[in-house]
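Notes for the structure review
The lines below spell out each chain.
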Amino acid sequence: MAADNKETGRPPQVVSLPLDTVQRIEGPLRAEIVIRDGLVTEARVSGGMYRGFETILLGRDPRDAAQLVQRLCASCSTAHAVAASLALEQAAGVKVPSAARLIRNLILAADFLQAHLLHFYRFALPDYVPDLPGSSLTARGSQNRNRAIAEQCRQAFEMRVLCHEAAALFGGRMPHPQSIAAGGVTCKPDRAGILGYTERIKRIKDFLSEKYLPLVYATAARWKPLAERAAGCRNMLCVGAFPMDEGGRRFLFSPGVVMEGKDLPFDATLIREDVKYAWFATPPESPAPLRLSGHPSPDKAGAYSFIKAACYAGKPMEVGPLARLWINDVPLSETGRDLAAELLGKKAQTFRELGEETAFSVMGRHIAGAEESLFVAEAIATWLQQLDPADETSAAFAVPLAAEGLAFTESPHGSLTHYMRVENGAIAVYVIVSPSMWNCAPRNSAERRGPLEEALIGLPVPDAANPVSVTRMIRAFAPCPGCAAQ
Ligand code: NI
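A brief structural summary.

What counts and how
- Counting of residues starts from 1 at the beginning of each chain's written sequence and follows it residue by residue.
- Given that the model is predicted, a residue must reach a pLDDT of at least 70 before its local features are reported, and side-chain atom pairs must reach 80 or more before they are shown or counted; all residues, however, enter totals for whole chains, interfaces and linings.
- To obtain the side-chain values, all non-hydrogen atoms of the structure were used and water was disregarded.
- Secondary structure elements are taken from DSSP: a helix is a run of H or I of four residues or more, a strand is a run of E of two residues or more, and numbering for both begins at the N terminus.
- Think of it in three bands: residues with accessible area under 20% of the maximum for their type are buried, residues over 50% are exposed, and the middle band is partly exposed, with areas taken using a 1.4 Å probe on protein chains only.
- Contacts were defined at the residue level, with two residues in contact if any of their heavy atoms lie within 4.5 Å.
- Computed by Shrake-Rupley with a 1.4 Å probe, the accessible areas treat only the displayed protein chains as cover when residues are assessed.
- When the centres of two rings from Phe, Tyr and Trp lie within 6.5 Å, Trp using its six-membered ring, the rings pair. Their planes under 30 degrees apart give stacked, over 60 give edge-to-face, and anything left gives tilted.
- Nine residue types can take part in a nonpolar core, namely buried Ala, Val, Leu, Ile, Met, Phe, Trp, Tyr and Cys, and a core is a set of them joined through side-chain atoms within 4.5 Å.
- Here a polar contact is taken to be a pair of N or O atoms separated by no more than 3.5 Å, where protein atoms must pair a possible hydrogen donor with a possible acceptor and residues adjacent in sequence count only if both atoms sit in side chains.
- Water is not part of the atom set, so a site may look incomplete; the donors themselves are N, O and S atoms within 2.8 Å of the metal, or 3.2 Å for Na, K and Ca.
- Think of it this way: with four donors and all angles in the 85 to 135 degree range, the site is tetrahedral; with four or six donors, opposite ones beyond 155 degrees and the rest between 65 and 115, it is square planar or octahedral; otherwise it is irregular.
- Here a cavity denotes grid points, spaced 1 Å and computed from the protein atoms alone, that fit a 1.4 Å probe unable to get out, and a pocket denotes an open set having protein on both sides within 12 Å along at least 5 of 7 lines; residues with an atom within 4 Å of a point are the lining.
- Grid points are joined across faces, edges and corners, and a volume is the space filled by probe spheres set on the points.
- Polarity classes work like this: nonpolar for Ala, Val, Leu, Ile, Met, Phe, Trp, Tyr, Cys and Pro, charged for Asp, Glu, Lys and Arg, and polar for all others, with Gly in that last group.
- A pair of strands is considered paired only if DSSP assigns at least 2 bridges between the two.
- Note on geometry: axes are lines fitted to C-alpha atoms, helical ones only across the stretch in contact, with angles between N-to-C directions running from 0 to 180 degrees.
- Along the arc lie the directions from the helix axis toward the C-beta atoms.

A few words on the overall build of the protein chain. Within the protein chain, the regular secondary structure consists of 14 helices and 15 strands. With the C-alpha coordinates of the protein chain rotated into their principal frame, the extents come out at 70 × 55 × 40 Å. Per-residue burial over the protein chain gives 58% buried out of 486 residues. A fraction of 72% describes how many contacts in the protein chain between residues 6 or more apart in sequence connect residues 24 or more apart. By element, 53% of the accessible surface of the protein chain is carried by carbon and sulfur atoms, the whole surface being about 18400 Å².

Here it is, written out as structure tokens:
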């Protein structure tokens, strides 16, 4: 990365956070930052892996997609299965029964909960608590407090097991459920399964409100400057998830857009993949660029990432819990309202009332994940009540000879789009626009940084040898490099 030293006379420091370690999850992600006078002045976030899923799917039976695409990830696999099924259902013109919608919501909800627990307790928390595995903090702090948090981490992983068990009661297994398929679901729920799911979610919900939320707010209060400095592009997108009716009109998280401070309706035609700085050949001009992704081009001059830049109306957009809660202005939990007032001095009834500075901060993103977890866990009761074991769970359909489907849902980490074109009864084009293609995007053709890159600019880095402020910001976005580089 080029950086000059004309203004201050002092040479800038260039820090490269290496592959594999920047996010404590599989999938290489690199962040290269320039630090001048203790502040980040330039940032590049790069995905270092190409996987080829969109190519692997070509020529296959369209019904295979819901299983194969799950292998992109072990943290947001359910959302990929749902999106692939929706895409084929749209192509085939099939409507799934109500019970299938409810079961998909239940599996996806449990997947949201396990992903948020994993993200906060395993990936983020070691940056705030010394003595946790992976922590680079040198200050020791209170041994008793650290031990108590380490014990809570252990409990969080037990809760994560319960999330997987709950999802597997309907999905067959986790993290790659087998039952989500175009036409509905292949499982028939019974009373034992419904009771087993209910009992597990009750225990998880107690943990969320008694442990997870209090720890997130307490961490935000302890590191208050990280709860007070807004950062990022502040354009946000939610494509909608957890349908609440059969007509696709009501969702737990409604689709919506915030662009330059304005709330706008979501327009699916405005999503584009931009490959100017990605190691992909520029696709030929097309009226619908989503349909023509470029082929990998690892020697492309000027490119620096295998992650394509997802754009909406040409703009980078942040996706994920922060975007969903802000766009939908979700009510804060009772626990959250009390803790926000007591620990952060914020009298807020809804997420937006926390204010932009808090919501768009490092800690605001963790608060969003925790609040979203409880919000989703509470919605589960409605779906369980509506689920009748006697109901049909799948609709028969014929694979079309030629058709296309464009589908949207949300993974724990953000907005997900799957596009499928079928020709001669087989997949002819498959395009996935995943959450980390939005959040971890490289620059786009308009030279706009991706949302995470933008959030890093201006960040104070007191110790360039241990840039924990940078890794805190990166981990607040919950990058999923495996999903980002298909
Ligand atoms: Ni993922």
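Before going further, it helps to examine the packing of aromatic side chains. The full count for this structure, using the stated rule, is 19 aromatic pairs. Ring geometry for Phe280 versus Phe306: centroids 6.3 Å apart, planes at 85°, classification edge-to-face. Note that Phe280 is positioned in the loop between β11 (271-274) and β12 (309-312) and Phe306 in the loop between β11 and β12, a separation of 26 residues in sequence. Taking relative accessible area as the criterion, Phe280 reaches 5% and is therefore assigned buried.

Turning our attention to the nonpolar core. Generally speaking, a soluble globular protein has its nonpolar side chains buried in company with each other. Counting residues in each nonpolar core, the largest one holds 151 residues, and the members touching the most others are Tyr121, Tyr197, Phe242, Phe351 and Leu456. Counting 7 residues, the second largest nonpolar core, distinct from the first, contains Ala278, Trp279, Phe306 and Ala485.

Tracing the sequence through the fold places Glu54 in helix α1 (residues 53-56). A polar atom in the side chain of Glu54 sits 2.8 Å from the backbone nitrogen of Ile432.

Below, the discussion takes up the coordination of the nickel ion. Summarising the metal site, the nickel ion is bound by the protein donors Cys73 (SG), Cys76 (SG), Cys480 (SG) and Cys483 (SG), whose distances to it range over 2.1 to 2.4 Å. Considering all 4 donor atoms around the nickel ion, angles at the metal cover 94 to 150° and the coordination shape is irregular.

Turning our attention to the environment of Glu165. Its location among the elements puts Glu165 in helix α5 (residues 143-171). Sequence-wise, Glu165 and Arg200 are 35 residues apart; in three dimensions their C-alpha atoms are separated by 8.1 Å.

Attention shifts here to the layout of surface pockets. Leftover empty space is mapped by rolling, across the atoms, a probe with the size of a water molecule. Looking at the largest pocket, its volume works out to about 610 Å³. What lines the largest pocket is a set of 27 residues, among which Leu86, Glu89, Pro243, Gly248 and Phe251 lie closest to the centre. For the lining of the largest pocket, the secondary structure elements donating two or more residues are α3 (77-92), α4 (98-124), β7 (241-243) and β13 (402-411). Split by residue class, the lining of the largest pocket holds 15 nonpolar, 6 polar and 6 charged.

Cis geometry marks the peptide bond from Met174 to Pro175; its omega dihedral reads 10°. Relative to the helices and strands, Pro175 resides in the loop between α5 and β4 (180-181). Its identity is not glycine, yet Arg234 carries a phi of approximately 60°, on the positive side. Along the polypeptide, Arg234 turns up in the loop between α6 (191-222) and β6 (236-238). The class for Arg234 is partly exposed, based on a relative accessible area of 30%. The phi angle at Ala478 is positive, at roughly 50°, despite the residue not being glycine. Owing to a relative accessible area of 10%, Ala478 belongs among the buried residues under this scheme.

Another aspect to go through is the sheet that holds strand β2 (residues 29-36). Strand order in the open sheet made by the 3 strands is β1-β2-β3, with antiparallel pairing throughout. Each having just a single partner strand, β1 (13-17) and β3 (39-47) make up the two edges of the open sheet. For this sheet, the mean angle separating the axes of adjacent strands, direction not counted, is 15°. Two strands pair when backbone bridges link them, and β2 and β3 are joined in this way by 8 bridges, in the antiparallel orientation. Looking at the pairing, Ile33 lines up with Ala43 of β3.

Residues Gly336, Leu339, Ala340 and Leu344 constitute the buried set of helix α8 (residues 334-344). Looking down the long axis of α8, one finds its buried residues gathered within 105° of arc, a one-sided arrangement. The exposed residues of α8 that point more than 90 degrees off its buried face are Glu334 and Glu342. Elements that come into contact with the buried residues of α8 comprise α6 and α10 (362-386). Two residues or fewer past α8, Gly345 is found with a positive phi of approximately 70°.

Applying the stated criterion across every chain, the model contains 2 cavities of 30 Å³ or more. Counted as a void, the largest cavity has a volume near 150 Å³. Every residue lining the largest cavity is counted, 19 residues in all, and those nearest its centre are His119, Pro321, Arg365, Ala476 and Ala478. Elements with a minimum of two residues in the lining of the largest cavity: α4, α7 (321-328) and α10. In terms of residues, the lining of the largest cavity owes the most to one element, α10, which gives 4 residues.

Attention shifts here to the sheet that holds strand β9 (residues 256-259). The strand order across the open sheet formed by 3 strands is β6-β9-β10, and the pairing between neighbours is antiparallel. Each edge of the open sheet carries a strand with a single partner, namely β6 and β10 (262-264). Across this sheet, the average inter-strand angle for adjacent strands is 15°, counted without regard to direction. Judged from the 3 bridges that link them, β9 and β10 form a sheet pairing that is antiparallel. Bridging from a neighbouring strand, Val258 pairs with Asp263 of β10. α7 contacts β6 and β9 of the sheet and is inclined by roughly 85° relative to β6.

A separate point is the pairing of β12. The alternating pattern of β12 places Ala309 and Cys311 and Ala310 and Tyr312 on opposite faces, both of which are buried. Both β11 and β12 contribute to a ladder of 4 bridges, which runs antiparallel. When the bridges of β12 are listed, Arg272 appears paired with Cys311.

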